[in-house]
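Listed below are the residues making up each chain.
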Amino acid sequence: MTPKIRVEKLQEGLLAKRFGKRILFCHEVGSTNDWAKELAKLGAVEGTVAVVEVQTAGHGRLGRKWVSPEGGLWFSVILRPRQHPLEAAGLVFVAGLAAADVLHDVYGLVVETKWPNDVLASGRKLCGILCEMSTTGEKVGFAVIGIGVNVNFEVKEVFPKSLASTATSVKDELGRAIRLEELLRALLERLESVYDLLSERGLPAVIEKWKKYASFLGQKIEVTSGNEKSRGLALDVDGDGALLLKLGDGTVKRVHVGDVSLRRE
Ligand code: ADP
């Protein structure tokens, strides 16, 4: 069977200078983030990509399962950020902005970002992002950006009912399939340029651009953080990536990246 992602074809005309110069591809692994972390520990250079057709144990935040059947784009990029770990935690916004830009600018999809780590279309999850980091003291050894995009399948055909009602795919949104290798090429190019923006101008510059997709801002939302639920008005996302939530009593709560899920009321 011809693989759905032909690495040489993808690398032909790839404009990125570092991202995607090395691409490891196989049909199936447990999780591309786990694979990439192993590669990073073995010394893989920045920009190395691990991509597969199927993940059998894809995971999201807090160990939640990420369903990854054939027809989707499941990949991870290895990074060696020079930033302090606190600033590097903003990589989730780098990934979200790059994915939203590509899906919007290249494929014409109307997308929005859901704080902190998802990209939605028609109010449903189209793309999931999981960033992981290995740090020693004040230094980041390596980071891995994992991106999963539901692409060439209809969610009602492949996902269990409960998930099909909260997820969508490029095919569902556009009514047609697209080429996975073209999507991956565009994502690698955009990821590299947004990552460079992070290095050159810092996280606030990335967040500023990310916010143009953040249509939850100004809306009443519910934030779940561990066992605690808070309702309020989503005021802003600050330059550190924290969500500012105005509570019923008028106080403003700062919710930090990573420990929150968010539901529109
Ligand atoms: P959150 O949306 O809370 O940030 P995660 O990023 O951790 O969640 O993603 C895991 C959740 O995403 C799962 O609990 C499930 O509800 C949902 N999910 C799993 N696989 C997919 C998929 N392929 N497309 C859309 N949603 C998915």
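Every chain's residues receive numbers from 1 upward, in the order its sequence appears when written. Local features in a predicted model are, by the rule used here, given only for residues with pLDDT of at least 70; side-chain atom pairs are given and counted only at 80 or more, and totals for whole chains, interfaces and linings are based on all residues. Only hydrogens and water are set aside; all other atoms, that is, all heavy atoms of the structure, feed into the side-chain values.

### Structural notes on the pairing of strand 8 (residues 220-225)
On a regular strand, each side chain points to the face opposite its neighbour's, so the side chains alternate between the two faces of the sheet.
Here comes step 1: At least two DSSP bridges between two strands are needed for those strands to be called paired. A run of DSSP states H or I qualifies as a helix once it reaches four residues; a run of E qualifies as a strand once it reaches two. Both are numbered from the N-terminal end. Of the pairings in the sheet, the one linking strand 8 to strand 9 (residues 228-237) comprises six bridges and is antiparallel in character. By the bridge assignment, Lys220 is partnered in strand 9 with Leu233.

### Structural notes on the packing of helix 8 (residues 180-201) against helix 9 (residues 203-210)
Here comes step 1: Axes here refer to lines fitted to C-alpha atoms; in helices the fit is confined to the stretch in contact. Angles between the N-to-C directions go from 0 to 180 degrees. With their axes 7 Å apart at the nearest point, helix 8 and helix 9 run at an angle of 135° to one another. Considering their axes alone, helix 8 and helix 9 lie oblique with respect to each other. For the pair formed by helix 8 and helix 9, the contact residues are Val194, Leu197, Leu198 and Arg201 on the first element and Leu203, Ala205, Val206 and Lys209 on the second.
Here comes step 2: Put simply, Ala, Val, Leu, Ile, Met, Phe, Trp, Tyr, Cys and Pro go in the nonpolar bin, Asp, Glu, Lys and Arg in the charged bin, and everything else, Gly too, in the polar bin. A class-by-class count of the residues in the contact of helix 8 with helix 9 yields six nonpolar, no polar and two charged. Note that the term roughly parallel is reserved for angles under 35 degrees, roughly antiparallel for angles over 145, roughly perpendicular for angles of 65 to 115, and oblique for everything else. Contacts are assigned to residue pairs with any non-hydrogen atoms lying within 4.5 Å of each other.

### Considerations on the site of the ligand
Here comes step 1: If you check the shell around the ligand, you find 15 residues, and the closest are Arg61, Val67, Asp118, Lys125 and Asn150.
Here comes step 2: Identification of polar contacts relies on pairs of N or O atoms within 3.5 Å, with a donor-acceptor requirement for protein atoms, meaning one able to donate a hydrogen and the other able to accept it, and with residues adjacent in sequence counted only if both atoms are side-chain atoms. Within the side chain of Asp118, one N or O atom sits 2.8 Å away from an oxygen atom of the ligand.
Here comes step 3: Surface accessibility in these figures is a Shrake-Rupley result with a 1.4 Å probe; residues are shielded only by whichever protein chains are displayed. Notes on the ligand: free accessible area 570 Å², of which the protein chains cover 86%.
Here comes step 4: Looking at the shell around the ligand, its residues break down into five nonpolar, four polar and six charged. For this purpose, a residue is taken to be near a molecule or strand whenever a single non-hydrogen atom of the residue falls within 4 Å of it.

### Looking at the packing of aromatic side chains
Here comes step 1: Centres within 6.5 Å make a pair out of two Phe, Tyr or Trp rings, where for Trp the six-membered ring is used; the pair is then stacked when the planes are under 30 degrees apart, edge-to-face when over 60, and tilted otherwise. The full count for this structure, using the stated rule, is four aromatic pairs.
Here comes step 2: Here Phe93 and Trp210 contribute two aromatic rings whose centre-to-centre distance is 5.0 Å and whose plane-to-plane angle is 90°, an arrangement assigned as edge-to-face. With Phe93 in helix 4 (residues 91-106) and Trp210 in helix 9, this pair connects stretches of sequence that are 117 residues apart. Like Phe93, the residue Trp210 is buried in the burial classification.
Here comes step 3: Each ring, one from Trp210 and one from Phe216, has its centre 6.2 Å from the other, and the planes form 65°; the classification is edge-to-face. Note on accessibility: Trp210 and Phe216 belong to one class, buried.
Here comes step 4: Connected via pairs of aromatic rings, a cluster forms that spans Phe93, Trp210 and Phe216. Buried residues are those whose accessible area, probed at 1.4 Å on protein chains only, stays under 20% of the maximum for their type, while exposed residues exceed 50% and partly exposed ones sit between those limits.

### Concerning the environment of Ser215
Here comes step 1: One can find Ser215 in the loop between helix 9 and strand 8.
Here comes step 2: Judged by relative accessible area, Ser215 falls into the partly exposed class, the value being 36%.
Here comes step 3: Taking the C-alpha atoms as reference points, Ser215 and Trp115, 100 residues apart in sequence, are found 10.0 Å from one another.
Here comes step 4: A polar contact is formed between the side chain of Ser215 and the side chain of Glu112, at a distance of 2.8 Å.

### Remarks on the pairing of strand 10 (residues 243-247)
Here comes step 1: Here strand 9 runs beside strand 10; their pairing, made up of five bridges, is antiparallel. The residue bridging Leu233 from the neighbouring strand is Lys246, located in strand 10.
Here comes step 2: Once strand 9 ends, the chain turns through five residues before running back antiparallel as strand 10, passing Gly241 with a positive phi of about 95°.
Here comes step 3: The hairpin formed by strand 10 and strand 11 (residues 252-255) contains four residues between the paired strands, and Gly250 there has a positive phi angle of roughly 95°.

### Focus: the domain arrangement of the chain
Here comes step 1: Each domain's extent is set by a domain assignment, obtained either automatically or from a database. We note that the domain assignment places domain 1 (7-213) and domain 2 (220-262) within the chain.
Here comes step 2: Between the C-alpha centres of domain 1 and domain 2 the distance comes to 24 Å.

### Digging into the packing of helix 4 against helix 9
In a pair of packed helices, the angle between the axes and the distance between the axes together describe the arrangement.
Here comes step 1: Taken N-terminus to C-terminus, the directions of helix 4 and helix 9 make an angle of 35°; their axes are 9 Å apart at the nearest point. Considering only the axes of helix 4 and helix 9, their crossing is left-handed. Contact residues: helix 4 offers Phe93, Val94, Gly96 and Leu97, while helix 9 offers Leu203, Val206, Ile207, Lys209 and Trp210. Each crossing is labelled by how the near helix is turned from the far one, with a counterclockwise turn of less than a right angle marking it left-handed and a clockwise turn marking it right-handed.

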